[in-house]
Amino acid sequence: MHLKKAGNLQVSCKNMSEDEWKKKLTPEQYQVCRCSATEPPFDNEYWDCHDSGKYHCVCCDEILFDSEHKFDSGTGWPSFFQPLKEDTIGEKEDVSHGMRRVEVICSKCDSHLGHLFDDGPNPTGLRFCINSAALRLERR
Ligand SMILES: [Zn+2]
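With respect to the sheet that holds strand β9 (residues 135-139)
Judged by pairing direction, the sheet is antiparallel, and its three strands sit side by side in the order β2-β1-β9 without closing on themselves. Each of the sheet's edge strands pairs with one partner strand only, and the pair in question is β2 (63-66) and β9. Pairs of neighbouring strands in the sheet enclose a mean axial angle of 30°, with direction left out of account. As judged from the five bridges shared by strand β1 (residues 53-57) and β9, these two strands associate in the antiparallel manner. Bridged to Cys-57 within β9 is Leu-135.

Notes on the environment of Glu-103
Relative to the assigned elements, Glu-103 resides in strand β6 (residues 101-106). With 17 C-beta atoms counted inside 10 Å, the residue Glu-103 sits in the partly exposed group.

Structural notes on the sheet that holds strand β5 (residues 89-94)
Pairing is antiparallel across the open sheet formed by six strands, whose spatial order is β3-β4-β8-β7-β6-β5. Two strands bound the open sheet, and with one partner strand each, they are β3 (70-71) and β5. Bridge analysis of β3 against strand β4 (residues 79-80) gives two bridges, and the strand direction is antiparallel. Note that in β4 the partner of Phe-71 across the bridge is Ser-79.

Let's talk about the confidence of the model for the protein
Mean pLDDT over the protein: 92, with 91% of residues reaching 70 or higher. Of the regions scoring below 50 in pLDDT, residues 1-11 engages in six contacts with residues more than four places distant in sequence or in other chains.

Rules used in this analysis
Numbers given to residues run from 1 along each chain, matching the order in which its sequence is written. Restriction of local features to residues with pLDDT of at least 70 applies here, the model being predicted, together with a cutoff of 80 or more for giving and counting side-chain atom pairs; totals for whole chains, interfaces and linings are based on all residues. Any two strands between which DSSP finds at least two bridges are classified as paired. Numbering of helices and strands runs from the N terminus; a helix is a DSSP stretch of H or I covering at least four residues, while a strand is a stretch of E covering at least two. Axis geometry follows a simple rule: fit a line to the C-alpha atoms, using only the stretch in contact for helices, then measure angles between N-to-C directions, giving values from 0 to 180 degrees. Residue burial here comes from a neighbour count, namely the number of other C-beta atoms, placed from the backbone, that lie within 10 Å of the residue's own C-beta, with 20 or more meaning buried, 12 or fewer meaning exposed, and in between meaning partly exposed. Per residue, pLDDT measures the predictor's confidence, with a range of 0 to 100. Throughout, a residue-residue contact means that the two C-beta atoms, derived from backbone geometry, are no farther apart than 7 Å.

What follows is the structure, given as structure tokens:
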């Protein structure tokens, strides 16, 4: 693997086997990012974090969110009204658990991040409800 080169990282992440992901991630991160699990609300690292910084993808280190766009949604998960850059976030329809939801994934490595809802605050009206386990905060 060529972890230093961004161009190759994308390829190596998308081609990584499940065993390789298991080695790279903690069991909790693996469940969330690779198996689309949802961590418990109010019992995760960043739901009540007000530190300023950038939130990176825990799998591929892409910068996904900025603390400036984080808001207190009351849901118990870190919530953002917009991503740092639109093209870093992919959207997929998720019909699991008898609901129709929009799943959000890291467009660089396809890892599950959380879900997108349309009941967020201004200016976007969007709520990106993200699992802390999928994020790593780089504090400013
Ligand atoms: Zn990623």
